Amino acid sequence: GISQDQSYVIYNADQIFAKDNPIIDLAQSFQPATSSSLTKISLYLKKVGNPDDINVRIVTDNSGSPSKATLDSATLHKNLIGTAFGWVDVVFSSSPNLTQGQTYWLLLNVSRDSNDYWVWGKDQNQGYIYGQAKYSQDWNDDPWFGLTGDLNFKTFMGGQATFLDNVNVLGDAHA
């Protein structure tokens, strides 16, 4: 079955992104405690206004910053995220295999909009010892810079994620 592997859930500050240059794309690194497939992640997010969907990537490490080597990606649809903080799951289609102790990055790639943007919960005291947070104006072309704080996330390894999609329930539903 699926089990939670890494998490950092201490929230004491907001990290706004996609509003103003240069903090557009965000990334949080982590090191799995076990070698297994990454089934899903959870992110502690909220939105301001009506921003575009988020492209979520799992990438490898390149000398302490996110690389351009994407292991998997998924779209986090804006309608799944509210204007108050909440945990939102991202399920990956190929469930990439990750190796215990190696550094990987959760990377959120978005479009800039000064009126419609995102907020990721974080711990400004940088208490997560297995990774760090960084930002870039454009993850594909620009350098990465360190953030003060660690972004809130959870990773889930092993098993298979199961979910229903595009289902209309016209009566009772039980699971």
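Refer to the structure above for everything that follows.
Residues numbered from 1 in each chain as written. Predicted model: local features only at pLDDT ≥ 70, side-chain atom pairs only at ≥ 80, totals over all residues. Heavy atoms only, no water.

K.L.:
Now, about the pairing of strand β6 (residues 65-76): what can you tell me, with residues and values included?
P.N.:
In terms of strand pairing, strand β5 (residues 54-62) meets β6 through eight bridges, oriented antiparallel. For I58, the partnering residue across the bridge sits in β6 and is D72. If you look at the hairpin formed by β5 and β6, you'll find two residues sitting between the two strands, and S63 has a positive phi there, around 55 degrees. (Pairing = 2+ DSSP bridges. Helix = DSSP H or I, 4+ residues; strand = E, 2+ residues; numbered from the N terminus.)

K.L.:
An account of the sheet that holds β6 is needed here, citing residue identities and associated values.
P.N.:
Spatial ordering of the open sheet is given by β6-β5-β9-β3-β11-β12, a layout of six strands whose pairing is antiparallel. Every interior strand has two partners, whereas the edge strands, β6 and β12 (145-146), have only one.

K.L.:
An account of the pattern of salt bridges is requested, with residue identities and associated values reported.
P.N.:
Enumeration over the complete set of coordinates arrives at one salt bridge. Here K40 ties to D89 by a salt bridge, and the two come within 3.1 Å at their closest N and O atoms. With K40 in strand β4 (residues 36-48) and D89 in strand β7 (residues 86-91), this residue pair connects regions lying 49 residues apart in the sequence. (Salt bridge = Lys/Arg side-chain N within 4 Å of Asp/Glu carboxyl O.)

K.L.:
I'd like a description of the packing of aromatic side chains, backed by residues and values.
P.N.:
As enumerated under the stated definition, the model contains eleven aromatic pairs in all. Between Y135 and F145 the ring centres are 5.6 Å apart and the planes differ by 35 degrees, which places this aromatic pair in the tilted class. With Y135 in strand β11 (residues 133-136) and F145 in strand β12, the pair connects residues that are ten residues apart, well separated along the chain. Owing to a relative accessible area of 16%, Y135 belongs among the buried residues under this scheme. (Phe/Tyr/Trp six-rings, centres within 6.5 Å; stacked < 30°, edge-to-face > 60°. Buried < 20%, exposed > 50% of the residue type's maximum accessible area, 1.4 Å probe, protein only.)

K.L.:
How would you summarise the side chain of S65 if you had to cite specific residues and measurements?
P.N.:
With respect to the secondary-structure elements, S65 resides in strand β6. In this structure S65 comes out as buried when scored by relative accessible area, which is 14%. Beyond its immediate chain neighbours, meaning those up to four positions away, S65 contacts T60, W105, K134 and W144. (Contact = heavy atoms within 4.5 Å.)

K.L.:
Give a description of the environment of H77 that names residues and reports values.
P.N.:
Among the structural elements, H77 can be located in the loop between β6 and β7. Between the C-alpha atom of H77 and that of D53, which follows or precedes it by 24 residues, the distance is 4.8 Å.

K.L.:
Give me the lowdown on the environment of F156, citing residues and values where you can.
P.N.:
Position of F156 relative to the elements: it lies in strand β14 (residues 153-157). The residues touching F156, leaving out its near neighbours within four places in the chain, are I2, S3, Q4, D5, S37, L38, T39, K40 and S42.

K.L.:
So what's going on with unusual backbone geometry? Which residues, and what values?
P.N.:
With an omega dihedral of 5 degrees, the bond running from N21 to P22 counts as a cis peptide bond. A positive phi angle, close to 75 degrees, is found at A18, a residue other than glycine. With respect to the helices and strands, the residue A18 is situated in the loop between β2 (13-17) and β3 (25-30). Since its relative accessible area comes to 0%, A18 is described here as buried.

K.L.:
Could you give an account of the environment of G131, with specific residues and numbers?
P.N.:
Inspection of the secondary structure assignment puts G131 in the loop between β10 (117-123) and β11. On the basis of relative accessible area, G131 is assigned to the partly exposed category, the value being 22%. Distance in space between the C-alpha atoms of G131 and S29 is 4.6 Å, their sequence separation being 102 residues. Excluding anything up to four places from it in sequence, G131 contacts Q28, S29 and D150.

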